[in-house]
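# Structural features, examined
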Amino acid sequence: MADHGDEPHVLAVDDNLVDRKMMEALLKNSSCKVTTAENGMRALEYLGIRDDQPGESSVSATTSKVNLIITDYCMPGMTGFDLLKKVKGSSILKEVPVVIVSSENVPTRINKCLAEGAQMFMLKPLKASDVKKLRCHLMNCKT
């Protein structure tokens, strides 16, 4: 059995409680450490990115190490796409893979997210096989 230090740490962001809980359960079943956030602003707070400064995002020194961010695309206030841009705009977090999930299969949206740096775009509802793919991807990306 792996100790907690070997578990990939995933930040799961979704405004829908049911979807968030389902994502959390699937990830935990795949031996991932999971932190959840109900919106993009909470995710930024957790990551230590301050949204109140233009230009380069400032990241606090106490940021928890996350290995992957999974975010819903459609959320009120800040979309998953906006969150993706903030993460990729951060010099410290830009290497963290971001996976966008959505219940809508819109090719232009998918392409826009991938072009902006998303690692993957997955359709909801997430299944165990999706998480297995993510887990394999994480293990390959860990250095």
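Predicted, not measured: the structure shown is a model, and the values here were computed from it.

## Brief notes about the side chain of Thr-71
Along the chain, the position of Thr-71 falls in strand β3 (residues 68–72). In this structure Thr-71 touches Val-13, Gly-80, Leu-83, Val-98, Val-99, Ile-100 and Val-101, once residues within four positions along its chain are discounted.

## Thoughts on the environment of Gly-77
Summarising the element assignment, Gly-77 is placed in the loop between β3 and α3 (80–88). Accessibility expressed as a relative area gives 87% for Gly-77, which makes it exposed. In this structure, the C-alpha to C-alpha distance between Gly-77 and Gly-40, residues 37 residues apart in sequence, is 7.7 Å.

## Thoughts on the pattern of salt bridges
Evaluated as defined, the whole model comprises ten salt bridges. In this structure, the salt-bridge partner of Lys-124 is Asp-19, at a minimum N-O distance of 2.9 Å. On the criterion of sequence distance, the pair formed by Lys-124 in the loop between β5 (120–123) and α5 (128–141) and Asp-19 in helix α1 (residues 17–29) is long-range, its members being 105 residues apart. Residue Glu-45 pairs with Arg-42 through a salt bridge whose shortest N-O separation is 3.4 Å. Highlighted residues: Glu-45 and Arg-42, both in helix α2 (residues 40–47), separated by three residues, approximately one helical turn. Connected through shared salt-bridge partners, Asp-14, Asp-19, Asp-72 and Lys-124 make up one network.

## Quick word on the sheet that holds strand β4 (residues 98–102)
Across the sheet, five strands lie side by side as β2-β1-β3-β4-β5; this open sheet has parallel pairing. Of all strands in the sheet, those with a lone pairing partner are β2 (33–37) and β5, marking the two edges. Averaged over all pairs of adjacent strands, the angle between their axes in this sheet comes to 20 degrees, without regard to strand direction. As judged from the four bridges shared by β3 and β4, these two strands associate in the parallel manner. Looking at the pairing, Asp-72 lines up with Val-101 of β4.

The rules behind the values
- Residues numbered from 1 in each chain as written.
- Predicted model: local features only at pLDDT ≥ 70, side-chain atom pairs only at ≥ 80, totals over all residues.
- Heavy atoms only, no water.
- Helix = DSSP H or I, 4+ residues; strand = E, 2+ residues; numbered from the N terminus.
- Contact = heavy atoms within 4.5 Å.
- Buried < 20%, exposed > 50% of the residue type's maximum accessible area, 1.4 Å probe, protein only.
- Salt bridge = Lys/Arg side-chain N within 4 Å of Asp/Glu carboxyl O.
- Pairing = 2+ DSSP bridges.
- Axes fitted to C-alpha atoms, helices over the stretch in contact; angles between N-to-C directions.

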